[in-house]
Amino acid sequence: IDKALAQEPRWAAENRAKTHCPKGHPYDAANTYAVYGRRRCKACARAYQAEYRATRRHEAVERTRAEDALRASEERFRTLIQRSADAIQLITPDGTILYSSDSVEAVLGYRPEEIAGRSVAPYIHPEDAPAVGAWLAGVAAEPGASASLEYRVRHKDGSWAWVETTIANHLA
């Protein structure tokens, strides 16, 4: 048979390829399916669909596990931030306050929602503003950089509170 196949004209080999699935099973009208854009015999189509379904189920289970782990991690992080004695804020490069932890109220007297969306500039002591501006610009210019600085910040009661702030640039 191998000898006969080797001597077979090219058109016959191409024609045979059109009548057999990749695993060599013959196609016929009752035995051919198009599965995800490819012709397959009935047996190969069923096997492929079963494998495809099993893969999709596995991916769905893995995605659910990953989402659960992410949710748990976010909850731990949120609890850590909200229960911290240190005031924690997220600030944009232009100085807009995006987020403040609950402890901002204990440190500066402002509720987090009072200062969200506002600029940090009005809260910084005028004598410290140039140093704070240069400090922020220096850290903002270098992704991954972090630095600390002590300066005065306006308390809600109008007094000035000395704070030590550490910032980290997580903008990348």
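Residues numbered from 1 in each chain as written. Predicted model: local features only at pLDDT ≥ 70, side-chain atom pairs only at ≥ 80, totals over all residues. Heavy atoms only, no water.

Brief notes about the overall build of the protein
Rule in force here: Only DSSP runs of H or I with at least four residues qualify as helices, and only runs of E with at least two residues qualify as strands; both kinds are numbered from the N terminus onward. Burial status follows relative accessibility: with a 1.4 Å probe on protein chains alone, a residue under 20% of its type maximum counts as buried, one over 50% as exposed, and anything between as partly exposed. By definition in these notes, contact holds between two residues if any of their heavy atoms fall within 4.5 Å. All accessibility values rest on the Shrake-Rupley procedure with a 1.4 Å probe; residue burial counts only the protein chains present in the view.
The secondary structure content of the protein amounts to six helices and six strands. Sorting the 172 residues of the protein into buried and exposed places 23% on the buried side. Sequence-distant contacts in the protein: of pairs separated by 6 or more residues, those separated by 24 or more amount to 26%. Taken as a whole, the protein presents about 12500 Å² of accessible surface, with 55% of it coming from carbon and sulfur.

A few points about helix α6 (residues 129-140)
In an α-helix, one full turn covers 3.6 residues, which means residues spaced three or four apart are oriented alike. Filter applied, for reference: Here the expected length of a helix is defined as 1.5 Å per residue gap, with one fewer gap than residues. It is the directions from the helix axis to the C-beta atoms whose arc is reported.
With 12 residues, α6 ought to run about 16 Å at 1.5 Å a step, and its terminal C-alpha atoms sit 16 Å apart, in line with that. Within the span of α6, buried status applies to Val-132, Trp-135 and Val-139. End-on, the buried residues of α6 take up no more than an arc of 65 degrees, which puts them together on one face. Exposed and oriented more than 90 degrees from the buried face of α6 are Pro-130 and Ala-134.

Here's the deal with the confidence of the model for the protein
How we decide: Residue-level confidence of the predictor is what pLDDT reports, using numbers from 0 through 100.
Across the protein, pLDDT averages 82, with 80% of residues at or above 70. When mean pLDDT is taken per element in the protein, strand β5 (residues 146-154) scores highest with 95 and helix α1 (residues 2-7) scores lowest with 48. Low pLDDT, under 50, characterises residues 8-14; the stretch is placed with two contacts to residues that sit more than four places away or in other chains.

Side note on the nonpolar core
Here is the rule we go by: Definition of nonpolar core: a set of buried residues of the types Ala, Val, Leu, Ile, Met, Phe, Trp, Tyr and Cys, connected through side-chain atoms within 4.5 Å.
Counting residues in each nonpolar core, the largest one holds 17 residues, and the members touching the most others are Tyr-110, Ile-115, Tyr-151 and Val-153. Of all the secondary-structure elements, those providing two or more residues to this core are α4 (103-108), α6, β5 and β6 (160-168). Apart from residues lying up to four places away in sequence, Tyr-151 is in contact with Ile-124, Asp-128, Val-132, Trp-135, Ala-161, Trp-162, Val-163 and Thr-165.

Thoughts on the pairing of β6
Quick reminder of the rule: Strand pairing is defined by DSSP finding a minimum of two bridges between the two strands.
Residues Ala-161, Val-163, Thr-165 and Ile-167 line the buried face of β6, whereas the alternating positions Trp-160, Trp-162, Glu-164, Thr-166 and Ala-168 sit on a face that is not buried. Pairing geometry for β5 and β6, over nine bridges, is antiparallel. By the bridge assignment for β6, Tyr-151 is matched with Val-163.

Side note on helix α3 (residues 42-83)
A rise of 1.5 Å per residue sets the reference length of α3, with its 42 residues, at 62 Å; its end C-alpha atoms lie 61 Å apart and thus fit the reference within 8%. The set of residues buried in α3 consists of Cys-44, Ala-45 and Ile-81.

Comments concerning the pattern of salt bridges
Condition: Just to be clear on terms, a salt bridge is a Lys or Arg side-chain nitrogen sitting within 4 Å of an Asp or Glu carboxyl oxygen.
Applying the stated criterion to the full structure yields nine salt bridges. Ionic pairing is found between Glu-59 and Arg-56, a salt bridge with its closest N-O pair at 3.7 Å. Taken as a pair, Glu-59 and Arg-56 lie in helix α3 at a separation of three residues, close to a single helical turn. Among the residues examined, Glu-59 registers a relative accessible area of 36% and is labelled partly exposed. Two residues, Arg-152 and Glu-127, come together in a salt bridge whose shortest N-O distance is 3.1 Å. Of the two residues, Arg-152 is situated in strand β5 and Glu-127 in the loop between α5 (112-115) and α6; the sequence distance between them amounts to 25 residues. Arg-152 gets classed as buried once you look at its relative accessible area, which sits at 16%.

Considering the environment of Ala-137
On the secondary structure map, Ala-137 appears in helix α6. Judged by relative accessible area, which is 47%, Ala-137 ranks as partly exposed. Counting along the chain gives 43 residues from Ala-137 to Asp-94, while the straight-line C-alpha distance between them is 9.3 Å.

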